[in-house]
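# Structural overview
Residues per chain, in single letters:
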Amino acid sequence: MGLRATAQEQYMPIKTIFSYTFSDAKIYDDTLFVACENGLYAYSLKTENPKWEAYGFDGMNIRNFVKSDQKIMAVCHQQDDIARLSLLLSYDKGSSYTNINASIGFSDSQVGGGKQLSIHQALDSPDHVFIILPVASENPMASYSGQVLESADFGNQWSVKASKVPANSKIVFASDPNHAMVYGRYDAVDCVCPYLLET
């Protein structure tokens, strides 16, 4: 009962991207970070009286993100069109940022048929990041219409790690830091389709 009361006392809702889905949330250095429709918010787990505080990307509709020290990479919905996505890179906790869509060869026309742009981070190296990138296709519902891009320096340089993976894949990193698994839907069927990545 005591634990439940503590949780209720500390509960404070914040407006995330969609009311009917979970937003991206991660813990870095004992601080919980949550992607919201008006920026990135932080909730310190180290302070005696924690509270939600705006952290970065003020006013931006953040979908998902990864963080390494003061560097943040985030996927955001464009304010004038929620179906259009941008990949943002910041070196100062989201105070300023650059749209790096062009550097990864991404355009709005590649998003369709439920495809999304997502970022993933290696467990052992926070600067080692991966992107599941939708690839333009004549068939917008094509299952195999994604690429895995890899960057070992938090977005300065990118290389293609795998192609022809489902565009809505996820990456799971194994305990062995040299291996990761990509999985996703195939032909609109809810089944796991693994692809082994040698990282």
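See the structure shown above.
What counts and what doesn't
Residues numbered from 1 in each chain as written. Predicted model: local features only at pLDDT ≥ 70, side-chain atom pairs only at ≥ 80, totals over all residues. Heavy atoms only, no water. Helix = DSSP H or I, 4+ residues; strand = E, 2+ residues; numbered from the N terminus. Buried < 20%, exposed > 50% of the residue type's maximum accessible area, 1.4 Å probe, protein only. Contact = heavy atoms within 4.5 Å. Areas by Shrake-Rupley, 256 points an atom, 1.4 Å probe, with all protein chains shown as cover. Patch = residues over 30% accessible without salt bridge, like charges linked within 9 Å, V, L, I, M, F, W, Y side chains within 5 Å. Salt bridge = Lys/Arg side-chain N within 4 Å of Asp/Glu carboxyl O. Polar contact = N/O pair within 3.5 Å; in protein donor to acceptor, adjacent residues only side chain to side chain. Pairing = 2+ DSSP bridges. Axes fitted to C-alpha atoms, helices over the stretch in contact; angles between N-to-C directions. Phe/Tyr/Trp six-rings, centres within 6.5 Å; stacked < 30°, edge-to-face > 60°. Lys NZ or Arg CZ within 6 Å of the ring centre and 35° of its normal.

## Observations concerning the overall build of the protein
A count of helices and strands for the protein gives one helix and 15 strands. Taken across its 199 residues, the protein has 43% of its residues classed as buried. By sequence separation, contacts in the protein at least 24 residues apart represent 37% of the contacts at least 6 residues apart. Accessible area of the protein: about 11,100 Å², with a carbon and sulfur share of 52%.

## Re a nonpolar patch on the surface
On the surface, a cluster of nonpolar side chains totalling about 230 Å² of accessible area is made up of V172, M181 and Y183. Locating V172 in the fold gives a position in strand 13 (residues 170-173). The class of V172 is partly exposed, set by a relative accessible area of 43%.

## Things to note about unusual backbone geometry
Note on backbone geometry: most residues besides glycine have negative phi, and most peptide bonds are trans. Its identity is not glycine, yet D30 carries a phi of approximately 60 degrees, on the positive side. On the basis of relative accessible area, D30 is assigned to the partly exposed category, the value being 46%. Here D69, not a glycine, exhibits a phi torsion of approximately 55 degrees, which is positive. Counting through the fold element by element, D69 comes out in the loop between strand 5 (61-68) and strand 6 (71-78). Taking relative accessible area as the criterion, D69 reaches 61% and is therefore assigned exposed.

## A short note on the side chain of S90
Examined against the element boundaries, S90 turns out to sit in strand 7 (residues 81-90). Residue S90 is classed as buried on the basis of its relative accessible area of 0%. Within the local environment of S90, its side chain forms a polar contact with the backbone oxygen of S96, the two atoms lying 2.7 Å apart. Apart from the residues lying within four places of it in its own chain, the contact partners of S90 are F57, Q70, K71, I72, S95, S96 and Y97.

## What about the pairing of strand 2 (residues 31-36)?
In terms of burial, strand 2 is a largely internal element, five of the six residues being buried. Here strand 1 (residues 25-28) folds back onto strand 2 in antiparallel fashion, the turn holding two residues, of which D29 has a positive phi close to 50 degrees. Bridge count between strand 2 and strand 3 (residues 39-44): six bridges; the pairing is antiparallel. Its bridge partner lying in strand 3, V34 is registered against Y41.

## Some remarks on the sheet that holds strand 2
Sheet strands pair by backbone hydrogen bonding; their relative direction is either parallel or antiparallel. Taken together, the four strands give an open sheet; going across it, the order is 1-2-3-4, and neighbouring strands pair in antiparallel fashion. Strands at the two margins of the open sheet, each flanked by one partner only, are strand 1 and strand 4 (52-56). Within the sheet, the average angular offset between the axes of one strand and its neighbour, ignoring direction, is 35 degrees.

## Re the packing of aromatic side chains
According to the stated counting rule, one finds four aromatic pairs in the structure shown. Relative to W52, the ring of Y43 has its centre 4.9 Å away and its plane inclined at 50 degrees; by these criteria the two rings are tilted. Comparing Y43 with W52 shows no difference in burial state: the two are buried. A ring pair is formed by F57 and Y97, whose centres lie 5.3 Å apart and whose planes are at 35 degrees; its orientation type is tilted. Of the two residues, F57 sits in the loop between strand 4 and strand 5 while Y97 sits in the loop between strand 7 and strand 8 (98-99), which places them 40 residues apart along the sequence. On the accessibility criterion, F57 (1% relative accessible area) is buried. Of the residues examined, Y97 reaches a relative accessible area of 34% and is grouped as partly exposed. The ring of Y28 has K67 lying over it, and the distance from NZ or CZ to the ring centre is 5.8 Å.

## Observations regarding the pattern of salt bridges
All told, the structure shown has three salt bridges when counted by the stated rule. The salt bridge involving K71 is made with D127; its shortest N-O contact spans 2.9 Å. Of this pair, K71 sits in strand 6 while D127 is found in the loop between strand 9 (118-121) and strand 10 (129-134), placing the two residues 56 residues apart along the sequence.

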